[in-house]
Amino acid sequence: MEEFQRALSSRGVTVASIPGKGRGLVTTRDFSPGEVIICQEPYASAPNKASVGLVCDACFSSKHVKKCSACRVACYCGPACQKSEWKLHQVECKALVALSDERRKMLTPTIRLMVQLILRAKLQQDQVIPASETNNYDLIKALESHMSAVGEDQLVVYAQMANLVRLVLPSLDLDLKEISHNFSKLSCNAHTICDTELRPIGTGLFPIVSMINHSCLPNSVLIFEGNVAHVRATESIPKNIEVMISYIETAFTKEKRQSELRQYFFTCTCSRCLKSYAEEDVYLEGYRCSDHKCTGVSLFLSDQRAFICQQCGAARDAQEVERIKSGVMQLSEKASTVVSTGNYTEAYSTYKAIEQVECDLYHPFSLNILKTHENLLKISMELKDWKSALTYCRLTIEAYQRVYPAIHPMIGLQFYTCGKIEWLLEYTDDAIRSYTKAADILRITHGTTSPFMRELLASLEEARTEASYKHSSRERF
């Protein structure tokens, strides 16, 4: 542990006991916005079901990916990644080749992740592959499993999964109880690996990152470059302050956030969650006043069996609201079905109908309306209806700015999307403004050296050059 603490100290952090939370990561120096606090490769990782065969097992790149010619399961983007993983994969490869077709079907991403973890631990123990102060199995053993809080049904599932791992690795003397505990550790310590645009592509276990506690008002953000985790400060963090990230989507009501966090076996006590009355929640899940000239929010009052506007007192019949909600639900099911068939024209019409009803039913700040606008944006882009896409992109930005802090990757990414659409529509000045806002946020959350950020900065420079050319042309004529 002393060697581990020394390794962390060189990075400006330390593990400390946090009252009411257990251990956590605390700064030992000041950090500026955008500064990397922790950068860590996964102890074990695996692509998710949708990404299997599409990303490299070693780096999660999606370029030039080819399957291992022997097992036809592992994928690599080139000789360098294949070589870097060979000592581990040659053991895994033999095990995978020996599996029957029936057993291969049981090789889920979670099972494969556990196989990777077990093999890395064994090879480190046998000194076949190196271990370090920040990358060793002792750090995995120190993670909390919460097995005492896991329900009986889930314990049975973990035991069954441990048996599947044994079938994959029959030549190893495995401790099934330890594997079950490790599955429980994965459920509350592993992180979803996302691409630079926050689309999930896999799962990884990062021992140091797993020590960072959650807050619904975090001071840091977890972003991945390939499958490497980068925790960056999103605000100035002075010395002796706990580093915090968010484990969940924070654009939810308090009730929804607490529900999402139950899988981690704790109740969040951040300043946002400690509020006994959260005005933001009222608007996020509230209903529109029946008088559309009023900007108030209507809440259900059981004693009156009606939705009453908190601003003007206008009433709305509860049965009418439930009837409308039921209609929206039916339309939403239809829209999802239509989208799955690829009929985007009909899907657009259906979501427009949903939007019309929801804008009459819910408060303008409602998350339900936001979700519909997100769907309309995606469908408009599929249809290459760029003007409609721009309308919904701008609407979602307004909503994101209400529900997220100023420096948040979702806002930055949406400004980037907005800039791309404006550039396609030849709204050069608008594109410059959007690209600039995107860059101001994303250089803090994503850094400046990744291919993704270089592409954004190049787009901004191209737009500025185009604007300068147009300006000089007007001056000449």
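Residues numbered from 1 in each chain as written. Predicted model: local features only at pLDDT ≥ 70, side-chain atom pairs only at ≥ 80, totals over all residues. Heavy atoms only, no water.

Chemist: What am I meant to see in the UniProt feature "domain: MYND-type" (unreviewed entry) in the protein here?
Modeler: Cross-referencing UniProt, the feature "domain: MYND-type" (unreviewed entry) maps to residues 56-93 in the present numbering. Helix makes up 39% of residues 56-93 and strand 11%, with an end-to-end C-alpha separation of 15 Å. (UniProt positions renumbered as here; feature names shortened; annotations may be inferred. Helix = DSSP H or I, 4+ residues; strand = E, 2+ residues; numbered from the N terminus.)

Chemist: Honestly, the environment of Ala121 in this entry has me stumped. Any pointers?
Modeler: Note on placement: Ala121 falls in helix H4 (residues 109-125). With 247 residues separating them along the chain, Ala121 and Asn368 place their C-alpha atoms 46 Å apart.

Chemist: Sorry if this is basic, but what is going on with the packing of aromatic side chains here?
Modeler: Ring pairs (aromatic) are described by centroid distance and by the angle formed between their planes. Tallied over the entire structure, the rule returns 10 aromatic pairs. Ring geometry for Tyr283 against Phe365: centres 5.9 Å apart, planes inclined by 50°, an arrangement best described as tilted. Linking Tyr283 in helix H10 (residues 279-285) with Phe365 in the loop between helix H12 (344-361) and helix H13 (367-382), this pair joins segments that are 82 residues apart in sequence. Under the relative-accessibility criterion, Tyr283 is labelled partly exposed at 23%. Ring pairing ties together the aromatic residues Tyr287, Phe300, Phe307 and Tyr362, which thus form one cluster. The ring of Phe252 has Lys256 lying over it, and the distance from NZ or CZ to the ring centre is 5.4 Å. When the ring centre of Tyr416 is taken as reference, the NZ or CZ atom of Lys420 above it lies at 4.3 Å. (Phe/Tyr/Trp six-rings, centres within 6.5 Å; stacked < 30°, edge-to-face > 60°. Buried < 20%, exposed > 50% of the residue type's maximum accessible area, 1.4 Å probe, protein only. Lys NZ or Arg CZ within 6 Å of the ring centre and 35° of its normal.)

Chemist: I keep staring at helix H8 (residues 254-261) and nothing clicks. Help me out?
Modeler: Think of an α-helix as turning once every 3.6 residues; residues three or four places apart then point the same way. For H8, the full list of buried residues reads Arg257, Gln258 and Leu261. Take H8 and look down its axis: the buried residues cluster within an arc of 95°, on one side only. Elements that come into contact with the buried residues of H8 comprise strand S9 (213-214), helix H9 (271-274) and H10. (Arc of directions from axis to C-beta. Contact = heavy atoms within 4.5 Å.)

Chemist: Got a minute to help me understand the sheet that holds strand S14 (residues 297-301) in this structure?
Modeler: To summarise the sheet geometry, strands pair through backbone hydrogen bonds and adopt either a parallel or an antiparallel arrangement. One open sheet accounts for 4 strands, arranged S13-S14-S15-S16; its pairing is antiparallel. Bordering the open sheet on either side are strand S13 (287-288) and strand S16 (315-317), each of which pairs with just one other strand. The pairing of S14 with strand S15 (residues 306-309) spans 4 bridges and is antiparallel. In the sheet register, Ser298 faces S15, and the bridge partner there is Cys309. The strands touched by helix H11 (residues 318-341) within the sheet are S13, S14, S15 and S16, with S16 carrying the most contacts at an inclination of about 60°. (Pairing = 2+ DSSP bridges. Axes fitted to C-alpha atoms, helices over the stretch in contact; angles between N-to-C directions.)

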